[in-house]
Amino acid sequence: MPGSGKKVLGVELAPASVPLERRLQTLAAFGAFLLFTFGGATSLIVLIYLLFGRFWWISFLYAIWYIYDWDSSSRGGHRLQWVRGLRSQKYLRDFFPIKLHKTAELDPNQNYIMGYHPHGVMSIGGFNNFGTDATGFPDKFPGIKPYFLTLKLLHQLPIYREYISAYGVCDVSKESIEYILRQPTKGNAVVIVIGGAKESLEANPHHTTDAERIVLLNRKGFVKMALRQGANLVPVYSFGENDIYHLVLDNEPGSRVRKFQRAWQKLFGFAPIIFAGRGLFNYNFGMVPYRVPINTVVGKPIIVEKDPSPSQEKIDNLHERYMKELRTLFDDHKGKYGYGEQKIEFIE
């Protein structure tokens, strides 16, 4: 634990006596960072390398599959149940630890759109809770099948797309959401990180700010989709998601850094942020996430009546109710998870 290791030139080293279990947890967390940051690029480089060698046929065959399977991320993906139960995800869960908290029942005879907040640096709580079974989602919500949704761009990265698809992760396009919610059987839940890449710019640890800044004010597409599909809305808040890294550069709104980040995000679809955590064998610097608890609280469902052509007034009213329920969820649980008198602030 931090504070129990030796210091060398001001760097606090992890003690040699750390149990193997904790070492494996740290390795799983570092692996999550590597996959998130370099997984797609590394896969592409490997395929290009193979293409110009005697194993060129591997890249050739994969290219055929890639073209054939191009839109699978909009058609439910290729979920493999045994992958969702891999031990590595349990090590990742226990590293922080990540815990899933239920506040109400979800009727398996209904469909749901679950709004996940906040994005954080890489939505690691969202993936571990809803993209895997590590925190016990099937036991807590029997009959509900979650689909964690991510940027379409991630599903265009060769090989990496197969990795996330095996966990049941799909893209966040309109076609993808409609495909899932129109399945003949009910009990489907799409999990959308509502704030998206824009919100990652606000991923500062909660103890360094006076409010959690949530990108939601102008995000109404998910509400319209809920009305058109008759899917109930469920607010979800992950306490600790913003705490696993700290942003290195000062990117306050209006700063040059923020302006550059926003311009990049508009152009490429993701936000360029420079973040840091701890190391594999030290507690001061590195790219391993900080070992801080992530408590994901699933709120009560907001019942939505189907309306194929909802008016703007109806969309606005439901959106206002969703924000109210999310604020209540945050206020009701912030004291339990060390947020004190902190507030939630809706922006953009």
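Residues numbered from 1 in each chain as written. Predicted model: local features only at pLDDT ≥ 70, side-chain atom pairs only at ≥ 80, totals over all residues. Heavy atoms only, no water.

Trainee: Would you explain the packing of aromatic side chains in this entry?
Mentor: Aromatic ring pairs: the centre-centre distance and the angle between the two ring planes describe each pair. Under the criterion given, the structure shown has 24 aromatic pairs. With centroids separated by 6.0 Å and ring planes inclined at 40°, the aromatic side chains of Trp 65 and Tyr 68 adopt a geometry described as tilted. Residue Trp 65 and its partner Tyr 68 are both found in helix α2 (residues 56–68); the two are separated by three residues, about one turn of the helix. Their ring planes at 55° and their centres at 5.0 Å tell us that Tyr 237 and Phe 239 sit as a pair that is tilted. (Phe/Tyr/Trp six-rings, centres within 6.5 Å; stacked < 30°, edge-to-face > 60°. Helix = DSSP H or I, 4+ residues; strand = E, 2+ residues; numbered from the N terminus.)

Trainee: Help me understand helix α4 (residues 87–95), please; the structure alone is not making it clear to me.
Mentor: Residues spaced three or four apart along an α-helix point in a common direction, a consequence of the helix completing one turn every 3.6 residues. Those residues of α4 that fall on the buried side of the exposure criterion are Gln 89, Tyr 91, Leu 92, Arg 93 and Phe 95. Contact partners of the buried residues in α4: α1 (20–51), β3 (98–102), α5 (124–131) and α7 (160–166). (Buried < 20%, exposed > 50% of the residue type's maximum accessible area, 1.4 Å probe, protein only. Contact = heavy atoms within 4.5 Å.)

Trainee: Please explain the pairing of strand β4 (residues 112–117) as it appears in this structure.
Mentor: The two faces of a sheet get side chains in turn, since along a regular strand they alternate between them. Along β4, six of the six residues are buried, which leaves the element largely enclosed by surrounding structure. Along β4, one buried face is formed by Tyr 112, Met 114 and Tyr 116 and the opposite face, lined by Ile 113, Gly 115 and His 117, is buried too.

Trainee: What should I look at first to understand the nonpolar core in this one?
Mentor: Generally speaking, a soluble globular protein has its nonpolar side chains buried in company with each other. Core analysis: the biggest nonpolar cluster contains 35 residues, and Ile 113, Leu 216, Phe 222 and Leu 233 have the highest contact counts within it. Top element by residues in this core is helix α12 (residues 312–333). It accounts for seven residues. Of all hydrophobic cores here, the second largest spans 23 residues; its members include Val 83, Phe 137, Phe 141 and Val 193. (Core = buried A, V, L, I, M, F, W, Y, C linked by side-chain atoms within 4.5 Å.)

Trainee: Would you mind showing me how to read the environment of Val 193 here?
Mentor: Secondary-structure assignment places Val 193 in strand β7 (residues 188–193). In this structure, Val 193 is in contact with Tyr 116, His 119, Ser 123 and Phe 148, ignoring residues within four places of it in sequence.

Trainee: Before we go on, may I ask you to explain the sheet that holds strand β5 (residues 145–150) in this structure?
Mentor: The strands making up a sheet associate through backbone hydrogen bonding, with each pair oriented either parallel or antiparallel. Pairing in this open sheet of seven strands is mixed, and the strands run β3-β12-β9-β4-β7-β5-β6 from one edge to the other. Of all strands in the sheet, those with a lone pairing partner are β3 and β6 (170–171), marking the two edges. Strand direction decides the pairing type here: β4 and strand β9 (residues 232–239), joined by six bridges, are parallel. Following the sheet pairing, Tyr 112 is matched in β9 by Asn 232. With respect to the sheet, helix α8 (residues 174–181) is in contact with β4, β5, β6 and β7, its orientation differing from that of β7 by roughly 155°. (Pairing = 2+ DSSP bridges. Axes fitted to C-alpha atoms, helices over the stretch in contact; angles between N-to-C directions.)

Trainee: Looking at this structure, how should I read the environment of Tyr 68?
Mentor: Since its relative accessible area comes to 63%, Tyr 68 is described here as exposed. Distance from Tyr 68 to Glu 105, taken between C-alpha atoms, is 39 Å for residues 37 residues apart in sequence.

Trainee: For this particular structure, what's the right way to read the side chain of Asp 171?
Mentor: Looking at the element boundaries, Asp 171 is found in strand β6. Side chain to side chain, Asp 171 and Ser 173 meet in a polar contact 2.5 Å long. Among residues more than four places away in sequence, those in contact with Asp 171 are Ser 73, Ser 74, Leu 149, Thr 150, Lys 152, His 155 and Ser 176. (Polar contact = N/O pair within 3.5 Å; in protein donor to acceptor, adjacent residues only side chain to side chain.)

Trainee: It is not clear to me how the side chain of His 333 should be interpreted in this structure. Could you clarify?
Mentor: One can find His 333 in helix α12. Given a relative accessible area of 11%, His 333 falls into the buried group. Excluding residues within four positions of it along the chain, His 333 makes contact with Thr 103, Phe 239 and Val 297.

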